[in-house]
Each structure stands twice: as structure tokens, then as C-alpha cells.
Amino acid sequence: METVDAAHMRAMNCSILLKLIWKHHRISRADISRITSMSRSTVSAIVTELLDRGLVSELGIGPSNGGRRPMMLAFQEDAYSILGLQISAHSISAATLNLNGIVRRWVTQPCDVFQNPEDALALVLKIIDETAALTFSEDMPLIGMALAYPTGGAVDFKGWEETLRERLTIPVHLGYDAHFGAMAELWWNQTVQPRQLGYFQLSETLGFGLLIRDEQKSYGVSGNLGKLLLETETKIQSLYQLIGERAALPRKLSEIFEAAGSGDSAAEAWINAAATPLALTLYNAQALLQLDRMVIGGLWRPQTQRLKILVEGLEEKYGRASAVPVHEWLVPSFRGDQQVALGGGTCVLERVLEDLSLFPARLSMSPLQEKPIDSPFPSME
């Protein structure tokens, strides 16, 4: 009988080996043994299990390094799928990812989440069922899902989590949209490698996520920064109230930006007014945290340049927020609308790469529904 310590050691070795193959994509058993210092027999046993679970395949004979030519292993990034869902005030978006963070399908559906939370939850469940059926029919079964929700509002998203966990047998991960946005930036934006990264999700509600690359852990917003966000959101919500008193202007933030783009001077004036407290929050946050990178996501993302100009004006008036120029530390999110859903899927990917047991044996798998049904997801191919 395997002891607890032996089982724990095997689980650790499985995780190390799986992440190594995922990182390299193509590697031999001999190289795995050399890099990890695991014995050939340990590597062989774990690789056999990975082959059984469809996570790797034998690619063919590779080049020799002076001895016998090795059999190369290839990571199967399309063996499984992950679903990332983003809840916004007026829509629900979904990204179906493979195991390398590639978005294979993307859809956004309108939904007044805060006013009709029961309808929103029903739509989430429908998307999950349809995605499970579709990915199963493609032989890329759903291995986990994440749901990102905004800060603020009166919706009980923790109650949603209970419903999802009761209904599903796959891992379920819920979290704030800003944290997921930061995860996507940290994992997939290869153009920059910041050690400390902050992510502002700026839409109808404001959220902030902070990640430290050394540990890849998130930290909650508190103290002065939490107060800054609250005060900023209060100011912007008061501007929304003003909009409601003017019949000429719509209330949705996306419609305000659209109207401004069409030359509506009143909408443009509102954006300028709302951008001022946002810029002050960014300036104060950078002065407080001294981040390598502060990323703007959400509906305000296209307005990053406007915010930069305002922050530069604050620096001229009050002094530099940090030693780094504004154009270097204040940047738009690199994946735009898909950033948060991608980050949610990334949190699931991080978890399953740590635990091989979360990947079921291929022969024992069954879909969440008996028969595939028409999917709302347009193909990205």
C-alpha cells in the first residue's frame, strides 16, 4: 500500500513533469530525467500515465546527443478545453480555450445581470451545457471552468458558485474580473516581464488586481487604495446619475463611448469629466505601490492614451508618481475584450497543471449532456 508521503511525492513529480512538458511542448524522456533529476523509471511511469490521459503523444525519433536517438514526446494542447466566463453589468462573455491559452471560440451575449440575476445565471448554465456538448463532440472535453464577476452590485455570486459546484463535476473557479485580467497579463503577454503588475478593470464598476511574479499570488485591495477606488467610483456614479437626467444621453457606458465616437459633444464632455477622477486614482495608486506595470482593461481600455495625458498633467503639478515614465507603466491590456475570460481560464489551467488527477482517463469520460446540441459559439477557425 502506498504511504501518504509516497503518494504526495508522486503527485509532486507528476506536476513537475507535466508542467515541464507543457512548457517545452516537445521533449524526450532522457531530457526530462536530466532536467528534473528523476530516475528513468519514475519518468517512464509518469509519461505512461500522461499518454493514457491523452496529454502527451509520442512524436517520433529525435536527433541524437551522442547516444541512442530518443523518442520525442509532444504536449497535446488540444486534448481538453477550458471555459472562461466574464460577467459584466450588461453582458456575459465566454471564451473556450485549449491547454495553451489559445481562444478557440468567443461569444458575447447581452444580459442585464444586475437587474435580472436569475436570468443571468440561467444563461451561464446554458453556455456551460452547450460548451460541454460541443467540446465533447470535438474530442476536446471540458476539463474546468472559471467565472469572473465584477466588484460591487447586489448579486450573490457566491450563491452562483454553490449552484455551479453542485451541478458540475469539473473544477470550478470564481473570482474578481480584475484578478483574472492580471493573470492573463502575467502569463501570456510575452512582450514585457514585469515583477509587480497591477490591473484596473474599468467598466461600469471599478476593480483592481495585483500580482507578484515571484509567487504568482493575488492580494486584496485595502487601505488607501481601496478608499481611492471607492471614492472614484462614487464620483463616476454621480456622473451616471447626471446622465440619467439628460434624455439625450444613454446610460450604458458602452453607448456613451459609442456616442462620443459619433461626435456627440455631450458624451465627450462626460468622458472627460469621468476621466479626471480615474486619472487621479491611477496617479495615487502608482505613487503608493510603485508598480512595474499598471494595465487598463474593460470599457475604458481604448481611453488609455487620454488617461496617460491626464496623469502626465498631474505629474507636472504634483511631481512624478514613480521613476518610470507614464508611457511605460500605464498601458492597455494586451488582449482587449478577451483578457478577463482568458485570465479565468488561466487560473483553471494553473490548477490542473498542478494536479494530474484532474485529467480523467480518456475512455471513462462522458459529456455533461447526452447529445450534442447546437452551439452559440462561432468557430474561430
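Small disclaimer: the values here were computed from a predicted structure and weren't measured. (Residues numbered from 1 in each chain as written. Predicted model: local features only at pLDDT ≥ 70, side-chain atom pairs only at ≥ 80, totals over all residues. Heavy atoms only, no water.)

## Focus: the side chain of Thr346
So, step 1. Positionally, Thr346 belongs in helix 12 (residues 339–354).
So, step 2. Setting aside chain neighbours within four positions, we find Thr346 in contact with Leu97, Met183, Trp187 and Trp188. (Helix = DSSP H or I, 4+ residues; strand = E, 2+ residues; numbered from the N terminus. Contact = heavy atoms within 4.5 Å.)

## Focus: the pairing of strand 12 (residues 293–297)
Along any regular strand the residues' side chains alternate between the sheet's two faces.
So, step 1. Of all 5 residues in strand 12, 5 are buried; the element is thus mostly enclosed.
So, step 2. Looking at chain direction, strand 9 (residues 196–202) and strand 12 are connected through 5 bridges and run parallel. Residue pairing for strand 12: Tyr199 is matched across the bridge by Val295.
So, step 3. The sheet contact formed by strand 12 and strand 13 (residues 330–332) spans 3 bridges and is parallel. By the bridge assignment, Val295 is partnered in strand 13 with Val331. (Buried < 20%, exposed > 50% of the residue type's maximum accessible area, 1.4 Å probe, protein only. Pairing = 2+ DSSP bridges.)

## Brief notes about the pairing of strand 10 (residues 206–212)
So, step 1. Within strand 10, 7 of the 7 residues are buried, which leaves the element mostly enclosed by the surrounding structure.
So, step 2. The side-chain alternation of strand 10 yields two buried faces, one formed by Leu206, Phe208, Leu210 and Ile212 and the other by Gly207, Gly209 and Leu211.
So, step 3. Alignment of strand 9 against strand 10, held across 7 bridges, turns out to be antiparallel. Considered in strand 10, the bridge of Gln196 is made with Ile212.
So, step 4. Hairpin connection between strand 9 and strand 10: a loop of 3 residues separates the two successive antiparallel strands.

## Some details on the pattern of salt bridges
So, step 1. Inspection of every chain in the model, using the stated rule, returns 13 salt bridges.
So, step 2. Salt-bridge contacts for Glu58 lead to Arg29; the nearest nitrogen and oxygen are separated by 2.8 Å. Taken together, the residues span a long stretch of sequence, with Glu58 in strand 2 (residues 56–61) and Arg29 in helix 2 (residues 29–36) at a distance of 29 residues.
So, step 3. For Glu58, a relative accessible area of 46% corresponds to the partly exposed category.
So, step 4. Accessibility expressed as a relative area gives 23% for Arg29, which makes it partly exposed.
So, step 5. Between Asp129 and Arg167 there is a salt bridge whose closest N-O contact spans 2.3 Å. In this pair, Asp129 is assigned in helix 4 (residues 117–137) and Arg167 in helix 5 (residues 157–167), connecting sequence segments 38 residues apart.
So, step 6. According to the relative accessible area criterion, Arg167 is partly exposed, its value standing at 44%.
So, step 7. What you see here is one network of salt bridges that share partners, running through Arg10, Glu49 and Arg53. (Salt bridge = Lys/Arg side-chain N within 4 Å of Asp/Glu carboxyl O.)

## Observations concerning the packing of helix 2 against helix 3 (residues 40–52)
What describes two packed helices is the angle between their axes and the distance between those same axes.
So, step 1. Put simply, helix 2 and helix 3 touch, their axes get as near as 10 Å, and they point 125° apart. When the axes of helix 2 and helix 3 are compared, the pair comes out oblique. Between helix 2 and helix 3 lies a crossing whose hand is right-handed. Here helix 2 contributes Arg29, Ala30, Ile32 and Ser33 to the contact with helix 3, which in turn contributes Arg40, Val43, Val47 and Leu51.
So, step 2. When its residues are assigned to classes, the contact of helix 2 with helix 3 shows 5 nonpolar, 1 polar and 2 charged. (Axes fitted to C-alpha atoms, helices over the stretch in contact; angles between N-to-C directions. Parallel < 35°, antiparallel > 145°, perpendicular 65-115°, else oblique. Left-handed = near helix turned anticlockwise from the far one by under 90°. Nonpolar A, V, L, I, M, F, W, Y, C, P; charged D, E, K, R; others polar.)

## A look at the nonpolar core
So, step 1. Counting 51 residues, the largest nonpolar core has Leu17, Ile21, Leu50, Leu99, Leu349 and Phe359 as its most contacted members.
So, step 2. Not counting the four nearest positions on each side in its chain, Leu99 is found in contact with Trp22, Leu55, Phe75, Gln76, Glu77, Tyr80, Ile82, Ile143, Leu349 and Phe359.
So, step 3. Core analysis: the second largest hydrophobic core is formed by 32 residues, Leu206, Ile271, Leu291 and Met294 among them. (Core = buried A, V, L, I, M, F, W, Y, C linked by side-chain atoms within 4.5 Å.)

## Notes on helix 12
So, step 1. Along its 16 residues, helix 12 runs 23 Å from first to last C-alpha, staying within 8% of the 22 Å computed at 1.5 Å per residue.
So, step 2. Among the 16 residues that make up helix 12, 13 are buried, leaving the element largely enclosed by the rest of the structure. (Expected span 1.5 Å × (residues − 1).)

## Here we look at the sheet that holds strand 5 (residues 91–97)
So, step 1. On the basis of which strands lie adjacent, the open sheet formed by 5 strands has the order 6-5-4-7-8 and mixed pairing. Only two strands of the sheet have a single neighbouring strand rather than two, namely strand 6 (103–110) and strand 8 (172–176). Going from strand to strand, the sheet's axes swing by 15° on average, the running direction of each strand aside.
So, step 2. Taken together, the 7 bridges between strand 5 and strand 6 define a ladder with antiparallel strand orientation. Residue Ile92 lies in a different strand from strand 6, and its bridge partner there is Gln109.
So, step 3. Sheet strands touched by helix 6 (residues 177–188): strand 7 (142–149) and strand 8. Its angle to strand 8, the strand with the most contacts, is close to 105°.

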